[in-house]
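The primary structure of each chain is shown beneath.
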Amino acid sequence: MGRVLILATALAASTNQGCPSPPEPCPRGTVAFMGACRDGCPPSELTADRECGCPEGTQGLETDAGTVCLEPDELPGSDMGPADAASDSGEACTPGQECRPTACMVGVTECPGGALVCADQQAVSDGTTCDSCGAAVCRCHEGFCESQLSRVAGRLKRFPADPSDVLGFGSLVALRADGRHVAVVASDRVQLLERGADGLQEAPALLLPSVLASGARAIAMSGDGNVLALGFPFDGSSASGVLESLPEFDGAVPGAGGVLIYRRSGAGSFQVDAYVKAPAPSEGDALGFALALDEDGTNLIVGAPGRAFGGVPRSGEVLVYRREAAGGWRFEAALGAAQPQSGSRLGEAVAVTASGALVAAGSPGDPTSSGGVSPAPDALSPFSGAIHVFSSAEGTWSPGVLLKAPRPDTGDRVGASVAISPDGSRLVAGAPGEDSSSAELDDDLLGDSGAVFAFEFSLGAWSYDLKVKAPDPDEGDEFGRSVTLASDGALLFVGVGEEDGGSSDFGGDPARNDNNQSGAVFGFRRSAEGFVRVLYLKAPLPGTDFLFGEQVVSSRDGRVLVVGSPGEALGGAGLDPGDVTLENSAGAVYVYE
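Residues numbered from 1 in each chain as written. Predicted model: local features only at pLDDT ≥ 70, side-chain atom pairs only at ≥ 80, totals over all residues. Heavy atoms only, no water.

## Regarding the overall build of the chain
- Secondary structure summary: the chain contains zero helices and 40 strands in total.
- Burial statistics for the chain: of 593 residues in total, 56% are counted as buried.
- A total of about 22,300 Å² of accessible surface is found on the chain, and carbon and sulfur atoms cover 49% of it. (Helix = DSSP H or I, 4+ residues; strand = E, 2+ residues; numbered from the N terminus. Buried < 20%, exposed > 50% of the residue type's maximum accessible area, 1.4 Å probe, protein only. Areas by Shrake-Rupley, 256 points an atom, 1.4 Å probe, with all protein chains shown as cover.)

## Focus on the pairing of strand E38 (residues 551-554)
- The pairing of E38 with strand E39 (residues 561-565) spans four bridges and is classified as antiparallel. If you follow Val552 over to E39, its bridge partner there is Val563.
- Count of turn residues in the E38/E39 antiparallel hairpin: six residues, of which Gly558 carries a positive phi of about 80°. (Pairing = 2+ DSSP bridges.)

## What to know about unusual backbone geometry
- Its identity as a non-glycine residue notwithstanding, Arg345 has a phi of 55°, on the positive side.
- Phi is positive for Leu459, close to 55°, though the residue is something other than glycine.

## What to know about the sheet that holds strand E20 (residues 290-293)
- Strand order in the open sheet made by the four strands is E20-E21-E22-E23, with antiparallel pairing throughout. Strand pairing shows two members of the sheet lacking a second neighbour, E20 and strand E23 (329-335), which therefore form its edges. Within the sheet, the average angular offset between the axes of one strand and its neighbour, ignoring direction, is 20°.
- In terms of strand pairing, strand E21 (residues 299-304) meets strand E22 (residues 317-323) through six bridges, oriented antiparallel. When the bridges of E22 are listed, Ala304 appears paired with Glu317. (Axes fitted to C-alpha atoms, helices over the stretch in contact; angles between N-to-C directions.)

## Some remarks on the packing of aromatic side chains
- Going through the model one piece at a time under the given rule, you end up with 13 aromatic pairs.
- Ring geometry for Phe548 versus Tyr590: centroids 5.9 Å apart, planes at 70°, classification edge-to-face. Residue Phe548 is found in the loop between strand E37 (530-537) and E38, and its partner Tyr590 is found in strand E40 (residues 588-592); the two are separated by 42 residues along the sequence.
- Note on Tyr590: relative accessible area 2%, which makes it buried.
- Ring geometry for Phe548 versus Tyr592: centroids 6.4 Å apart, planes at 85°, classification edge-to-face. Placement of the pair is Phe548 in the loop between E37 and E38 and Tyr592 in strand E40, with a sequence separation of 44 residues. (Phe/Tyr/Trp six-rings, centres within 6.5 Å; stacked < 30°, edge-to-face > 60°.)

## Section: the state of the cysteines
- What the rule picks out here adds up to two disulfides.
- In this model Cys41 forms its disulfide with Cys52; the gap between the sulfur atoms is 2.0 Å. For the disulfide bridge between Cys41 and Cys52, the dihedral angle about the S-S bond is near 85°, and by the sign convention the bridge is right-handed. Linking Cys41 in strand E3 (residues 36-41) with Cys52 in the loop between E3 and strand E4 (59-63), this pair joins segments that are eleven residues apart in sequence. An identical accessibility class is assigned to Cys41 and Cys52; each is buried.
- Each sulfur of the disulfide joining Cys54 and Cys69 lies 2.1 Å from the other. Disulfide Cys54-Cys69: torsion about the S-S bond near -80°, hence left-handed. With Cys54 in the loop between E3 and E4 and Cys69 in strand E5 (residues 66-70), this pair connects stretches of sequence that are 15 residues apart.
- Judged by its relative accessible area of 23%, Cys54 falls in the partly exposed class. (Disulfide = S-S within 2.5 Å.)

## Considering the pattern of salt bridges
- Counting across every chain of the model gives 25 salt bridges.
- As a salt-bridge pair, Arg307 and Asp285 come within 2.6 Å of each other at their nearest N and O atoms. On the criterion of sequence distance, the pair formed by Arg307 in the loop between E21 and E22 and Asp285 in the loop between strand E19 (270-276) and E20 is long-range, its members being 22 residues apart.
- The exposure class assigned to Arg307 is buried, which follows from its relative accessible area of 12%.
- Its relative accessible area of 3% is what places Asp285 among the buried residues. (Salt bridge = Lys/Arg side-chain N within 4 Å of Asp/Glu carboxyl O.)

## Focus on the nonpolar core
- The biggest cluster of nonpolar side chains holds 21 residues, and the ones touching the most others in it are Ala183, Val190, Ile219, Leu228, Leu230 and Tyr262.
- When contributions to this core are tallied by element, the ones reaching two or more residues are strand E12 (181-185), strand E13 (189-196), strand E14 (199-207), strand E15 (218-221), strand E16 (227-232), strand E18 (258-264) and E19.
- Per-element tally for this core: the top contributor is E16, with three residues.
- Setting aside chain neighbours within four positions, we find Leu230 in contact with Val185, Val190, Leu208, Ala218, Ile219, Gly258, Val259, Leu260, Tyr262 and Leu291. (Core = buried A, V, L, I, M, F, W, Y, C linked by side-chain atoms within 4.5 Å. Contact = heavy atoms within 4.5 Å.)

## A closer look at the confidence of the model for the chain
- Of all residues in the chain, 77% have pLDDT values of 70 or greater, and the mean over the chain is 79.
- With pLDDT under 50 throughout, residues 1-23 is counted as low confidence; its partners more than four residues away or in other chains account for 80 contacts.
- Predicted confidence is poor over residues 77-137, with pLDDT under 50, and the contacts of this stretch with residues over four places away or in other chains come to 151 contacts. (pLDDT = per-residue confidence, 0-100.)

As structure tokens, this is what we get:
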């Protein structure tokens, strides 16, 4: 059976020195480039011919943030530019850095007064204060900003390992919005953690019906922690609609899928509330492949990427179920692309705002080759991916808005993961198949290094914001397979289970690639420079194929982070498991605060 190991050892100090709030994004007529707002045109300010009109003596360089106007010696390929300029100290700047006055490189504890130094990630005004660090989730530390997450609050293992748990323990996790309740799917149960006066404690496990054992592929918890949903996309029963109890699993419609809903009773325990199926199930619908619940558990969002919306095979569909005030669930709506395309697999990832009125759905198979907002569909860029955003007013759902990366590329798989801020002002979509070598370039040099694309909603419309990459991207890392937003969308966590870094715990070196697929979690804070890295987190004892970060979820304020490590094979307790290795990869879940 499972057990939780509470670790009281603080791994780092977490003193908050009152970092100021992040500054506003770059003003109109400028573009974020290498940590500064430079003259240029964001995508919304380009002409119909995608021209910018740079000042005389400068030339335009296209980036994901827009067109930036640069001096001739700053352009790629020039003999002297930001990527290879030297600081006054004689140290050469590496690609992705630039020389700035009175600025400290992240990790440098002393700033020579008035000297030019290589600035990377984020500038600071002196050696003690940060320019763009949010006090709620970050702190000033030795001249740079970092996340306040600083210790392991709990580690959950399942003993013994269950070979039938094909995904691995830690692949499916959910968290209450305030971080007080954690749910983890094992093969035949849901293990629960609840925070009390003595910290995190294990609550009685929720045993799954034997017929559904090992079949869960998605989990969601309402913001208040009172509703829990589990997706079973391989359910082959022929039943349809909303059921008060489990259907007869007759196997007549293979892969139709279903969702099991639990609701917390007055006594505090979870009880089966309903089992929902599609109104008219079809073979291969995969209903329940992805799930999301709003704040009070009234709206359940269910991805069914195999459904044929509008009769188009595997175009995908998102189904909305609503719980009535008097009790009982009902089917409300089926959402799909305005112009569905075969194989788009809409609903492979879903997210919902706190109110339940806005839904973001990933469509990683979308083949449209044009970028931006609501481009005309075509089939020229297979699996470039997209996101669809749907909104509701009093139960009436509007047609979705199609969001694409600025320059879609075959195989990027934008929308493989998706997260949206509680108020719906910002969303991010993972693109684990993206191939560029940096956030500023689109060079296809690092296959499947991965990226995250951010979008913003302002003045009644969606627009592209920017692209986020790992600070040291590597081929095959698939950065963006798991994403979560916190702090009203200002804090982004990205799980990278395929990452190869050899460091451990907090603040290691992302460039140290000597522990294959050990995994990592990156944290980024939104600032004028974009999403600036404030966290690089590894397992306390990382190991090959541990896949730490394969799944990551955070509390709404970013002060609690749950990380799944489904490949972890350590069998010991605490941070010092010794040389005990399990015969099977039992997996583990870490809770940080």
